[in-house]
Amino acid sequence: MRLADPLVDWGWLGQHLGQLIHLALQHLELTAIAVGIGIVIAFPLAVLSYRHGRVYGPVSAVASLLYTIPALALFAFLVPYTGLTTLTAEVGLVSYTLLILIRNTVAGLASVPDDIKEAARGMGYTRRQQFWQVEVPLAMPVIIAGVRIATVTTIGLVTVTALIAEGGLGAYILLGIQQAFATPALAAAVGSVVLAVGADLLLLGAQRALTPWTRRSKTQALPIDPRELVARAPKG
Amino acid sequence: MEVLRQALSWIFTTANWWGPAGILARTWEHVQMVGEVLAIALVLAVPVGMLVGHKGRGAFLAVNAAGIGRAIPSFGVIAFVFPLAIRYLPCNIGLWPTLIALVVLAVPPLLTNTYVAVRGVDPDVVEAARGVGMSELQVLLGVELPLAAPLVLDTLRVVAVQVVATATLGAEVGWGGLGRFIVDALSVNNGPHLLAGALLVAALALLVDLVFAGLIRVVAPSPAAGRPISRTRAAVGS
């Protein structure tokens, strides 16, 4: 127990700065892998759901179920099978991104106005051209809004994976608990917030760069956190 | 499959349900904590969200609270409060870090969506209420509150599930709840117990989700009176 320590032990921080940066980079790596794989899985499912309404119910139900299961429980489910490994952590993290990514991608594609699609058809676009050159770009702001939420959520969850494997900054959270030492815990928490805010702004910048036409008209993020749609089981 | 069989047989052994560290006691601890956290969060978030929504001042903070809150790692808050709790709140050492982290988790989305819900109330309705001579307080409590309630309840449901999930982390700092089974099993690498704990927590999370869904259906039967949600859903076409 380090009860006499000050709230922030700057000396300790100075000595461990290199380690902190190393953990932050690991944190970002774990996040990037999770969100990247999440997108690869979610995008086709979302397109399928958008094109075939019947698929959306089951896809969304499974993703909702995965999202509702507590993170620690999900990791615990996997440990007997995949062990205390990064694989376990990533499977859990990916499964948490799916619901947000799928819902936002479907909502983004559905938000493309019919007359714009009509116009594209009229101009002779093939179905594939219309999808990639018209619908996906117009859906991009909403899709990226989903990626932003998924990324920020994942950055927070990575800290929990320290309990089962490498957990980026979560390692310092565990250290803080084990030694009842506030400094590493605070450094990890603040570091995690900085990573989350940084990643969020970076993605926002990417969205603005990718969709320059949204810059003039005032695009606002949805007033309701799409996560709020999350735990609502599909109707019926 | 063998692990799963052992986990299920552990869960279905009556002896594991009773006693101070049994499944029932841990579940009750967990539910109690969730109830307390939700009550505290509602008391903190709803009045502020309503006032900001009513007056329109402080809107920036209210709108962005949920986004900022999402960036704060609950596990980090628990770990940071833990040494402070040892120093300043020496009884129930694990309780306070867990409680505080969960309140920090629960308040922002409730604040944001209470604000959004009050803002979403049709201005004509508010104007009409003033026109028939209602005071500002009457407008707030008699018109805006009931019209905002469905969205606030929807948010409460999502938040409740998240609080159930995150409360499991309290076991890392010595608090009880269902996370106890998972954390204890992790420390001795006991697969079946780990799986059993995971099943119990997952079941509780799903149960809480269903209970709130039922509650919402009873209290606010009109589907998604919170407009932004219904609009999004309509767009999604589910």
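Residues numbered from 1 in each chain as written. Chains lettered and ligands numbered in written order. Predicted model: local features only at pLDDT ≥ 70, side-chain atom pairs only at ≥ 80, totals over all residues.

Peer 1: What's the story with the overall build of chain A in this structure? I'm lost.
Peer 2: Assigned secondary structure in chain A consists of 10 helices and zero strands. Secondary structure of chain A in N-to-C order comes out as α-α-α-α-α-α-α-α-α-α. With 236 residues in all, chain A has 48% of them scored as buried. (Helix = DSSP H or I, 4+ residues; strand = E, 2+ residues; numbered from the N terminus. Buried ≥ 20, exposed ≤ 12 C-beta atoms within 10 Å, placed from the backbone.)

Peer 1: Which parts of the structure should I look at to understand the overall build of chain B?
Peer 2: A tally of regular secondary structure across chain B gives 10 helices and zero strands. Along its sequence from the N terminus, chain B presents helices and strands in the succession α-α-α-α-α-α-α-α-α-α. The principal-axis extents of the C-alpha atoms in chain B amount to approximately 65 × 45 × 30 Å. With 238 residues in all, chain B has 48% of them scored as buried. Restricting to contacts in chain B with at least 6 residues of sequence separation, those with at least 24 account for 73%. (Contact = placed C-beta atoms within 7 Å.)

Peer 1: Please clarify how the confidence of the model for chain A should be interpreted in this entry.
Peer 2: Parts of the model with low pLDDT should not have their predicted coordinates read in detail. When pLDDT is averaged along chain A, the result is 86, and 89% of the positions lie at 70 or above. Note on residues 218-236 of chain A: pLDDT under 50 across the span, and 50 contacts to partners over four residues away in sequence or across chains. (pLDDT = per-residue confidence, 0-100.)

Peer 1: Could you clarify how one ought to interpret the packing of helix α6 (residues 123-131) of chain B against helix α7 (residues 136-167) of chain B in this entry?
Peer 2: All names here are of chain B. Packing of α6 against α7 leaves a shortest axis separation of 10 Å and a crossing angle of 140°. By the angle between their directions, the pair α6 and α7 is classed as oblique. Here the hand of the crossing between α6 and α7 comes out right-handed. From α6, V125, V126, A129 and R130 reach across to α7, where they touch V139, V143 and E144. (Axes fitted to C-alpha atoms, helices over the stretch in contact; angles between N-to-C directions. Parallel < 35°, antiparallel > 145°, perpendicular 65-115°, else oblique. Left-handed = near helix turned anticlockwise from the far one by under 90°.)

Peer 1: Whenever I open this one, helix α8 (residues 170-179) of chain A confuses me. Can you help?
Peer 2: Turning to α8(A), its buried residues are G170(A), A171(A), Y172(A), I173(A), G176(A) and I177(A). Positive phi appears at A180(A), one or two residues downstream of α8(A), with a value of about 45°.

Peer 1: Got a minute to help me understand the packing of α8(A) against helix α9 (residues 182-210) of chain A in this structure?
Peer 2: In a packed pair of helices, the relevant descriptors are the angle between the two axes and the axis-to-axis distance. All names here are of chain A. Packing of α8 against α9 leaves a shortest axis separation of 7 Å and a crossing angle of 155°. Here α8 lies roughly antiparallel to α9, going by the angle between them. The crossing of α8 and α9 is left-handed. Residue-level contacts link G170, Y172, I173, L175 and G176 of α8 to A182, P184, A185, A187 and A188 of α9. Residues belonging to the contact of α8 with α9 are distributed by class as follows: eight nonpolar, two polar and no charged. (Nonpolar A, V, L, I, M, F, W, Y, C, P; charged D, E, K, R; others polar.)

Peer 1: Just checking my understanding: could you explain helix α5 (residues 95-119) of chain B for this structure?
Peer 2: Quick reminder: α-helices carry 3.6 residues per turn. Residues three or four places apart thus point the same way. Over its 25 residues, α5(B) runs 36 Å from end to end, which matches the ideal 36 Å to within 8%, given 1.5 Å per residue. Counting buried positions along α5(B) yields 22 of 25 residues, so the element is predominantly enclosed. (Expected span 1.5 Å × (residues − 1).)

Peer 1: Explain unusual backbone geometry to me, please; I cannot follow it from the model alone.
Peer 2: Glycine aside, a negative phi is what most residues show, and trans is what most peptide bonds show. Positive phi is not limited to glycine here, since A180(A) has a value of about 45°. Residue position: A180(A) is located in the loop between α8 and α9. Phi angles above zero are rare outside glycine, and N92(B) is one such case at about 50°. If you trace the backbone, N92(B) turns up in the loop between α4 (74-88) and α5.

Peer 1: Looking at this structure, how should I read the nonpolar core?
Peer 2: Counting residues in hydrophobic clusters, the biggest one holds 140 residues, and the most contacted among them are A73(A), A76(A), I102(A), V163(B), V164(B), I182(B) and A198(B). Leave out the neighbours within four places in its chain, and A73(A) touches T168(B), I182(B), A198(B), V201(B) and A202(B). (Core = buried A, V, L, I, M, F, W, Y, C linked by C-beta atoms within 7 Å.)

Peer 1: Is there a simple way to think about the environment of T166(B) in this case?
Peer 2: In this fold, T166(B) is placed in helix α7. Spatially, the C-alpha atoms of T166(B) and A101(B) are 8.8 Å apart, while their sequence positions differ by 65 residues.

Peer 1: Just checking my understanding: could you explain the environment of L153(B) for this structure?
Peer 2: Residues and elements named next belong to chain B. By the secondary structure assignment, L153 is in helix α7. Overall, the presence of 18 C-beta atoms within 10 Å leaves L153 in the partly exposed class. For the pair formed by L153 and N113, sequence separation is 40 residues and the distance between their alpha carbons is 9.7 Å. Those residues within four positions of L153 in sequence are excluded, and the remaining contacts are I216, V219 and A220.

Peer 1: Mind showing me how you'd approach the confidence of the model for chain B here?
Peer 2: Residues and elements named next belong to chain B. On average, residues of chain B score 87 in pLDDT, and 92% of them are at 70 or above. Low pLDDT, under 50, characterises residues 224-238; the predicted model gives this stretch 38 contacts beyond four residues in sequence or across chains. The complex model carries a pTM of 0.87, and its ipTM stands at 0.83.

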